Structure formats: structure tokens, C-alpha cells
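Architecture and fold: a report
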Amino acid sequence: MLEIKKYGAIDIGSNAIRLLIANVIVKDGKEPQFKKSSLVRVPIRLGADAFVSGVISEENTTRMIEAMNAFKLLMNVHKVERYKACATSAMREATNGSEVVHKIEKETGVKIDIIGGKEEASIISSTDLNELIQGNNSYLYVDVGGGSTEFTVFSEGKIITSKSFKMGTVRLLNNKKSVNKEIFASVEKWIHKNTKDLKKLSLIGSGGNINKLFKMSGRTEGKPISYIYLNAQYQFLKKMSYQDRIVELSLNPDRADVIIPATKIYLSAMKWSGARKIYVPKIGLSDGIIKSLHYNKL
């Protein structure tokens, strides 16, 4: 017997807001298949509000209400049976975060959960990571967002430790240099401490920026990117102006600036952990929400 379920996931990040609609194909005696049906990304940079003034502006609240109304209509057209909306660090840190969430629910009927860094990491790691982390190898999983970066150490298929740091791309762009130096120093210390005894460690990267870098590399799916390649790409991107990154590389305006601090985070994590390669499975919070909805984990 074949059953097809439709789920929706709304990921309210610090750099953009996404709606993922996925088909879950369930056949007796087989593992369920998760197929992306539609992905819509809206560049509402909430982090520019939250990490600078500490509040979500009225303008961005209105934009979010309009986005949620649009997402609701799309989910209706797709006949989505269940959905979940999760907000991460920008909404977590904005002093009016819960007020904004309440207003959105009142105006649109969309209920948003503001989740912590640990919960975010566990939802993401419920995705297809298990295909990579089998066997005796060790991995440092790095999920770079706009407001925070989640680090998880896997060894022999098990989670050893994980931590969320306030080291997101939008935050790094808006911080003072001295503050960024401090954050990088504390992350370096944590990575050294938790990976020093692990041999043959590789990185697993997730987030919009590493997906873009992977796409630009022309690698086939499943093949890792080397430290040497990523470092060369970083130097190349840094030399270009913001305008050139948009015009010559066809990067979205809200990607063309954050891609620089994001690449720096991945490179730093590779350097501090001794990893020579980074795997880029196409996973993120929205994929994790879909899986968690299907397995009733949320």
C-alpha cells in the first residue's frame, strides 16, 4: 500500500525566512522517502534588527505577517496536512520576540515556536546525517546560521557533545571586530578541547552559504570539498567587491555579504579540528522539521 503525506516547514532565520513543502512517500516494508515539492525563501534580515537594536522593527514585523499569509496560501494550494514554524536566534534575542510571535498568530493564524540552540541542533541532526556518520569515523558538524552556529561532534556514529555559539553571519557583519575576535577565540578553544583525541576527523557543513559554495564548486553530490579548495574560494571572494559578487557570480544581494563570514567560520573550524575535507549534505532546519513531523518528534 502506498501513502503520500504532505508536510510544511517554516524556518524563521536571522538572514531569511523559508517555507519548505515536502511529500513523504510511505510504502509498506520500505523506508519513507522525503521529496521536496517546493521551497520559497524570503530575504527578511531579522538579525539586522535583533543584533543591533535588540528589537524586531515594525517594518519587518509587517513583512513577516505578509510572508506568513503568503506561506499559508501556498500550503493551502499544496494541500499540506501538517506544518510547523520555528524561529531561531534573531527572534530568541529580540526583546519583543514573543510579542511579535503573538501578533503574527493573531493576524495570520500561524503559530511560531521560538526554539533554543540545542533544540535547533537536534532537529537538524535528525536529518540524513546518519548516512554520513556511520562507521568508525569522526565528524565535526557545523551549521552556520545568521545569528548562531551549532557545532556537534560525532564519533563512531554517536553524538559526543554539541554547543551553540553566538557566531552567525549577520551578527558577525554587525559586531565590532574586538567582539568577533573574542567569539572566534572561545570557539577555537571549544573545538580544540573536543576534537583533539579524534583521528581522521572530517567536517559536515550545513546552511545556505555552504550549499552555495558547494554548488559553485561543481562537485557531484556526496563528494567533499577540500580545505585547499575552500581557502582558495575564500581568498577569491574576499578580493571581489560586494557588487561584483552579485553581478559576476549571480549571488543574491542577501547572500553576497554573508558568504564571506560564513566561509571564514567553516575554514576556521577545519583548521582548528585538523579536518582536511568538508561534506555538504543538503540538510537544514526545514528538512529536520519535516522529518520530525513525520516521526511525531515535535
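Here goes a summary of the coordinates provided. What you are looking at is a predicted structure, and each value in this text was computed from that prediction instead of being measured. (Residues numbered from 1 in each chain as written. Predicted model: local features only at pLDDT ≥ 70, side-chain atom pairs only at ≥ 80, totals over all residues. Heavy atoms only, no water.)

1. A few points about the packing of helix α2 (residues 58–78) against helix α4 (residues 97–108)
Quick note on the threshold: Inter-axis angles, ranging from 0 to 180 degrees, are taken between N-to-C directions of lines fitted to C-alpha atoms, where helices are fitted over the stretch in contact. The helix count covers DSSP runs of H or I at least four residues long, the strand count covers runs of E at least two residues long, and both are numbered beginning at the N terminus. The cut-offs work like this: below 35 degrees is roughly parallel, past 145 is roughly antiparallel, 65 to 115 is roughly perpendicular, and the gaps in between are oblique. Left-handed describes a crossing whose near helix is turned anticlockwise from the far helix through less than a right angle; right-handed describes the clockwise counterpart. Any two residues whose heavy atoms approach within 4.5 Å at even a single point are treated as in contact. Polar here means any residue other than Ala, Val, Leu, Ile, Met, Phe, Trp, Tyr, Cys and Pro, which are nonpolar, and Asp, Glu, Lys and Arg, which are charged; Gly is therefore polar.
Between α2 and α4, the shortest axis-to-axis distance is 10 Å and the interhelical angle comes to 45 degrees. Classified by the angle between their axes, α2 and α4 sit oblique to one another. When you trace α2 past α4, the crossing you get is right-handed. Within the contact between the two elements, α2 uses T61, M64, I65, M68, N69 and K72 and α4 uses V100, K103, I104, E107 and T108. A class-by-class count of the residues in the contact of α2 with α4 yields 5 nonpolar, 3 polar and 3 charged.

2. Quick notes on the nonpolar core
Stated precisely, the cut-off is as follows: Here the nonpolar core consists of buried residues drawn from Ala, Val, Leu, Ile, Met, Phe, Trp, Tyr and Cys, with membership extended through side-chain atoms lying within 4.5 Å. The classification of residues rests on relative accessible area computed with a 1.4 Å probe and restricted to protein chains. Under 20% of the type maximum is buried, over 50% is exposed, and intermediate values are partly exposed.
Ranked by size, the top nonpolar core spans 37 residues in total, and within it L140, V142, F151, M167 and L230 carry the most contacts. Of all the secondary-structure elements, those providing two or more residues to this core are β6 (138–144), β7 (149–155), α8 (177–195), β9 (201–206), α9 (208–217), α10 (227–239) and α13 (259–273). Ranked by residue count, the leading element in this core is α13, at 9 residues. When near neighbours in sequence (up to four residues on either side) are disregarded, L140 contacts F151, T152, V153, W190, I191, L201, S202, L203, I204, A269 and S273. Listed in part, the 29 residues of the second largest apolar core include A50, A87, A94 and V100.

3. Regarding the pairing of β7
To keep things clear, this is the line we draw: Between any two strands, pairing holds if DSSP finds at least two bridges.
Taking burial as the measure, the 7 residues of β7 include 7 buried ones, the bulk of the element. Here β7 shows two buried faces, one formed by T149, F151, V153 and S155 and the other by E150, T152 and F154. The pairing of β6 with β7 spans 7 bridges and is antiparallel. From the neighbouring strand, V142 faces β7, where its bridge partner is F151. Taking the residues that link successive antiparallel strands as the turn, the β6-β7 hairpin has 4 residues. In this structure, β7 lies alongside strand β8 (residues 158–165), joined through 7 bridges in antiparallel fashion. Along β8, the bridge assignment pairs S155 with K158. In this structure, the hairpin formed by β7 and β8 is closed by a connection of 2 residues, where E156 is found at a positive phi of approximately 50 degrees.

4. Describing α10
Quick reminder of the rule: A helix is expected to span 1.5 Å for every residue after the first. What the arc describes is the spread of directions from the helix axis to the C-beta atoms.
Here α10 contains 13 residues, and its C-alpha end-to-end distance of 19 Å stays within 8% of the 18 Å for a straight helix at 1.5 Å per residue. What α10 keeps buried is the set Y227, L230, Q233, Y234 and L237. One side of α10 carries all its buried residues, which in axial view fall inside an arc of 125 degrees. In α10, the exposed positions that point more than 90 degrees away from the buried face belong to I228 and K239.

5. What to know about the environment of A232
Residue placement: A232 occurs in helix α10. As a C-alpha pair, A232 and Q33 span 199 residues in sequence and 37 Å in three-dimensional space.

6. Here we look at the sheet that holds β8
Spatial ordering of the open sheet is given by β8-β7-β6-β9-β11-β10, a layout of 6 strands whose pairing is mixed. Each having just a single partner strand, β8 and β10 (225–226) make up the two edges of the open sheet. One ladder, built from 6 bridges, connects β6 with β9; its direction is parallel. By the bridge assignment for β9, Y139 is matched with S202.

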